[in-house]
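# Inside the fold
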Amino acid sequence: MPRTTAELLELLDLETIDDNLFRGSQQASILPRVFGGQVAAQSLVAADRTVEGDYAVHSLHSYFLQPGDTGAPIVYDVERLRDGRSFATRRVLARQHGRPIYVMTVDLQRPEDGYEHQDRMPQVPAPEEALAVNDKIRGADGSFTEWDVLDFRYVGSSHDLLPTDEDHPGRQQMWMRVNDALPDDPLLHAAAFTYASDATIMGAALSPQGISIGTREVMVASLDHSVWFHRPFRADDWWLFDQHSPVATGGRGLVNARIFDRDGVLVASVAQEALIRRMRPAGGR
């Protein structure tokens, strides 16, 4: 996984194999499977490579089919479903070792004007006043650096720091950004955000139980992931990840999230359902 912005950009620079066929590189990782945000971001780049003109991604919807192998490159096969005057649609199938591991449908739109409204941004501390948690993520010995490409500032969750809300028991808020400047290309900011959008999101579904992602008490695995891009924004500037989990049941948890920039503009929305399976103690039944 990338530890710097330069490594993230290298990860997003896909190799063209043939028409509509691309290969994504891997970087050394101690994780047991490919990070979902990586395959999602690379799939978005692959889809965009097949579109001509001033189209920009406005939504993506995807399923994680099988765990990815961190030691092998990923091949992205893009199907051109639609090339219209206003919208273009692509289907991307990611494969490793001849088997599908991930599928995404991407819709892109030419710029146009329309009606305007948005939710108000919640009142939260500024990122400079929120809790910096990168050192905690790195662990006691500081050796786990795989999230260093992202800067995390924790506002709180239903388990701690946020006020009790009986109507919404699963909540989490986090400021995030890519840790160094990105080029001005809007696609790179959309792809970098897509990469980051798979990080921390299931914390909202675990917060009512007082459980943190990474604990051995629970296994978490993304099942599906959707992003709606409302307005262009920079992934290397602070954005608020305002997460809400309306339900967890059947070993799955659903989280919806609103993404605001520092000025309170609602720039994107994210939804994800994931497996959140309680782990049995060793030797238990």
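Residues numbered from 1 in each chain as written. Predicted model: local features only at pLDDT ≥ 70, side-chain atom pairs only at ≥ 80, totals over all residues. Heavy atoms only, no water.

- The chain has the name Acyl-CoA thioesterase 2 in an unreviewed UniProt entry, where Nocardioides marinisabuli is given as its organism.
- Entered under Sequence similarities (unreviewed entry) in the UniProt record, the comment concerning the chain runs "Belongs to the C/M/P thioester hydrolase family." (UniProt positions renumbered as here; feature names shortened; annotations may be inferred.)

## A few points about helix α2 (residues 36-49)
- Along its 14 residues, α2 runs 20 Å from first to last C-alpha, staying within 8% of the 20 Å computed at 1.5 Å per residue.
- With twelve of 14 residues buried, α2 is to be regarded as a mostly interior element. (Helix = DSSP H or I, 4+ residues; strand = E, 2+ residues; numbered from the N terminus. Expected span 1.5 Å × (residues − 1). Buried < 20%, exposed > 50% of the residue type's maximum accessible area, 1.4 Å probe, protein only.)

## Digging into helix α1 (residues 5-12)
- Of all the residues in α1, the buried ones are Thr 5, Leu 8, Leu 11 and Leu 12. An end-on view of α1 places all buried positions within 115° of arc, on one side of the element. Opposite the buried face of α1, at more than 90 degrees from it, the exposed residues are Ala 6 and Glu 10.
- The secondary structure elements touched by the buried residues of α1 are α2, β9 (171-178) and α4 (186-197). (Arc of directions from axis to C-beta. Contact = heavy atoms within 4.5 Å.)

## Quick notes on the pairing of strand β13 (residues 266-278)
- Of all 13 residues making up β13, ten are buried, and the element is well covered by its neighbours.
- Bridge count between strand β10 (residues 218-229) and β13: eleven bridges; the pairing is antiparallel. Along β13, the bridge assignment pairs His 225 with Gln 272.
- As defined by bridge partners, strand β12 (residues 252-261) adjoins β13 across nine bridges and the pair is classed as antiparallel. From the neighbouring strand, Val 255 faces β13, where its bridge partner is Gln 272.
- Here β12 hands over to β13 after four residues, with Gly 264 in that stretch at a positive phi of 85°. (Pairing = 2+ DSSP bridges.)

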